[in-house]
Amino acid sequence: MKRGFLNGSQAKARSLGPSLAAATVTQVNPSPVIAPEIKVEKLPIGKRNVEVPEGYSQPLRYVERDARAGSVPNAMTYTTLPVGAREDEPVTECFFYPGSKEVVMDLPGFPKPLVHPATPAFRLSSAPGKGLGLFSTRALKQGDHILAERPLFVTVRGIPLQCPPSFTREQYHQHAMNEFERCLEFSVKQRMRPEDSEAFMALKNSHKEDGSGPIVGIVRTNGLRLPGLRPDLKEDSKFQYTAVCKDISRLNHSCSPNTQPRFDMLSFSYNLFAVRDIAEDEELTFQYTDITCSAAKRNEALKPYDFVCTCSACKDPVASDAPRNKIGKFGAPPVYMWLFDHQFPDDWILTRCRERLASIVHEGLEAIGEYSRTLTSAMEACIALGDAQGASEWAAKLMKAKWDDSKERKALEAKLELEALLDPASLAYPAHPMWRKRVDSPYKDARTNPMKRMKMMQEVGALANRDGVARPCAMLF
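Model, not experiment: these values are computed from the prediction. (Residues numbered from 1 in each chain as written. Predicted model: local features only at pLDDT ≥ 70, side-chain atom pairs only at ≥ 80, totals over all residues. Heavy atoms only, no water.)

Caption draft 1: Local environment of the sheet that holds strand β13 (residues 259-264). The strand order β8-β14-β13 describes an open sheet built from three strands, whose pairing is antiparallel. Edge positions in the sheet fall to β8 (145-149) and β13, since each has one partner strand and no second. Here the average twist between neighbouring strands, direction ignored, is 20 degrees. As paired elements, β8 and strand β14 (residues 269-274) share four bridges and run antiparallel to each other. Each residue of the ladder has a partner; that of Glu-149, found in β14, is Tyr-270. (Pairing = 2+ DSSP bridges. Helix = DSSP H or I, 4+ residues; strand = E, 2+ residues; numbered from the N terminus. Axes fitted to C-alpha atoms, helices over the stretch in contact; angles between N-to-C directions.)

Structure representation (structure tokens):
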């Protein structure tokens with residue numbers, strides 16, 4: 001989970017209005033306005049003073065929906081979730097595309113209550129040279145739950161917009177931000193609870209001189225990327241939502257972060273987890289950009305936040321850049337081909353997993369997806385070797401990586417597979433589709449037998465795509 005408007009290679013999400021594809025919105029009067037298709041562009045960051053001719057601002061065109069109703073086709077939606085919440089229950093103000101409200105409201109069991117840690121785990125305090133930040137109030141272990149919170153605000157990253165052909169690109173960008181500001185102002189200033197609006201406006205704004213309005217500036221500074229809310233687009237699409245939180249948005253950056261948030265759609269909340277052991281009174285941190293690229297690229301991406309990172313990795317890029325670049329290019333160990341390809345020794349996958357994990361831990365990169373993917377590969381390799389004891393030890397490590405929100409992890413959680421694998425005597429092992437696949441393989445001569453190789457490839461494909469979740473699979477020969 002990255003900041004919602006970052007430029008890093010793993011978080012390309014900084015564009016606002018110009019990043020919208022063709023869409024339709026509904027006016028207060030019945031005439032619809034069709035927005036033209038707009039090329040994806042990156043909004044400017046530095047100081048700007050662009051004049052937009054008068055007469056292009058229009059009354060708000062978006063429909064405020066009955067809280068109990070769904071979306072209106074071709075109309076934006078203002079709503080508050082959960083619907084019908086108690087006055088003392090946290091809520092999220094939302095500005096949605098059509099269909100997104102139903103994505104949430106139609107979930108069986110929504111809304112699930114928030115689950116907070118039994119003992120408070122954080123405090124808001126002054127962070128020298130950084131303003132405010134979050135600090136641990138007790139020693140934390142890897143995987144510990146630090147806090148749960150519903151965002152103050154969830155919003156689209158831009159609005160459908162019409163501009164005359166005579167506008168320059170700079171005028172278009174400024175007009176997009178002006179109109180987006182007016183739409184978000186209605187949410188923050190008129191719909192939010194007063195205490196939530198006050199908390200939102202108290203967040204840092206590092207976009208005061210680039211043409212952003214105060215609300216858009218706060219969203220651009222503090223937004224967390226939030227996929228999965230648009231039923232008409234793939235989750236990895238750049239047309240996503242962004243969420244602003246009261247507490248999690250206070251986390252300061254580190255290139256070796258010690259926490260990671262995970263969004264839970266059923267409770268419509270973020271849960272913050274420790275990605276490694278954290279000492280009492282240690283500052284809690286989060287990454288604002290791709291932390292596997294070079295120190296120079298990281299600090300270039302951090303310019304919008306108006307600070308230069310001075311973490312140990314940035315102070316000594318000669319020692320840190322090369323291993324981080326290598327980690328960023330790791331990719332998952334190719335377990336599904338190794339199962340049947342006996343030119344590689346039995347411990348080939350496990351050896352590489354241990355090497356990768358050592359490098360990841362040394363650089364303090366447990367927050368990245370490669371960490372949990374490598375743990376999964378090691379666990380599956382043990383299962384394929386018939387080593388239930390070893391697999392259970394890797395499963396225990398993987399259980400702690402609760403911040404991982406990958407499809408593979410969600411599939412394991414949905415079937416309660418991880419919990420079952422914690423016990424090496426569990427019947428889940430002989431029932432597992434990969435159990436002893438390496439040692440009992442009938443395809444040891446597949447290299448010289450085309451028919452066996454074809455059958456092997458079919459079995460590899462079935463294993464790698466079980467449960468409808470495509471898992472990494474690479475050819476070894």
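From this point on, the discussion continues.
Caption draft 2: Region of interest: unusual backbone geometry. Of note, the amide linkage connecting Leu-81 to Pro-82 takes the cis form, showing an omega dihedral of -5 degrees. Positive phi, normally seen in glycine, also occurs at Phe-268, with a value near 50 degrees. On the secondary structure map, Phe-268 appears in the loop between β13 and β14. Of note, Asp-306 is a non-glycine position whose phi angle comes to about 65 degrees, a positive value. By secondary structure assignment, the location of Asp-306 is in the loop between α5 (295-301) and α6 (312-315).

Caption draft 3: Geometry of helix α12 (residues 407-414). Within α12, burial applies to Arg-409, Ala-411 and Leu-412. End-on, the buried residues of α12 take up no more than an arc of 160 degrees, which puts them together on one face. For α12, the exposed residues set more than 90 degrees away from the buried face come down to Lys-407 and Ala-414. Among the structural elements, β13, α11 (388-400) and α13 (417-421) are those in contact with the buried residues of α12. Where α12 begins, the capping side chain belongs to Ser-406, and its oxygen is found 3.2 Å from the backbone nitrogen of Arg-409. One or two steps after α12, the chain reaches Leu-416, where phi turns positive at roughly 55 degrees. (Buried < 20%, exposed > 50% of the residue type's maximum accessible area, 1.4 Å probe, protein only. Arc of directions from axis to C-beta. Contact = heavy atoms within 4.5 Å. Polar contact = N/O pair within 3.5 Å; in protein donor to acceptor, adjacent residues only side chain to side chain.)

Caption draft 4: Highlighting the sheet that holds strand β12 (residues 252-253). Read across the sheet, four strands follow the order β6-β7-β15-β12 without closing on themselves; strand pairing throughout is mixed. For this open sheet the edge positions go to β6 (122-127) and β12, each flanked by a neighbour on one side alone. Here two bridges tie strand β7 (residues 131-136) to strand β15 (residues 283-286), and the two strands are oriented antiparallel to one another. Counterpart to Leu-134 in the pairing with β15 is Leu-284.

Caption draft 5: Geometry of the environment of Phe-167. Note on placement: Phe-167 falls in the loop between β9 (153-156) and α2 (169-191). Once the C-alpha coordinates of Phe-167 and Val-52 are considered, the two residues, 115 residues apart in sequence, prove to be 8.5 Å apart.

Caption draft 6: Looking closely at the packing of aromatic side chains. Applying the stated criterion across every chain, the model contains twelve aromatic pairs. Aromatic pair Phe-263 and Tyr-270: ring centres 4.9 Å apart, planes at 65 degrees, arrangement edge-to-face. In this pair, the class of Phe-263 matches that of Tyr-270, namely buried. Aromatic pair Tyr-288 and Phe-307: ring centres 6.3 Å apart, planes at 80 degrees, arrangement edge-to-face. With Tyr-288 in the loop between β15 and α5 and Phe-307 in the loop between α5 and α6, this pair connects stretches of sequence that are 19 residues apart. Overall, Tyr-288 belongs to the buried group, its relative accessible area being 7%. For Phe-307, a relative accessible area of 30% corresponds to the partly exposed category. The structure contains a cluster of three or more aromatic residues connected by ring pairs, namely Tyr-78, Phe-95 and Phe-186. When the ring centre of Tyr-97 is taken as origin, the NZ or CZ atom of Arg-230, which lies over that ring, is 3.8 Å away. (Phe/Tyr/Trp six-rings, centres within 6.5 Å; stacked < 30°, edge-to-face > 60°. Lys NZ or Arg CZ within 6 Å of the ring centre and 35° of its normal.)

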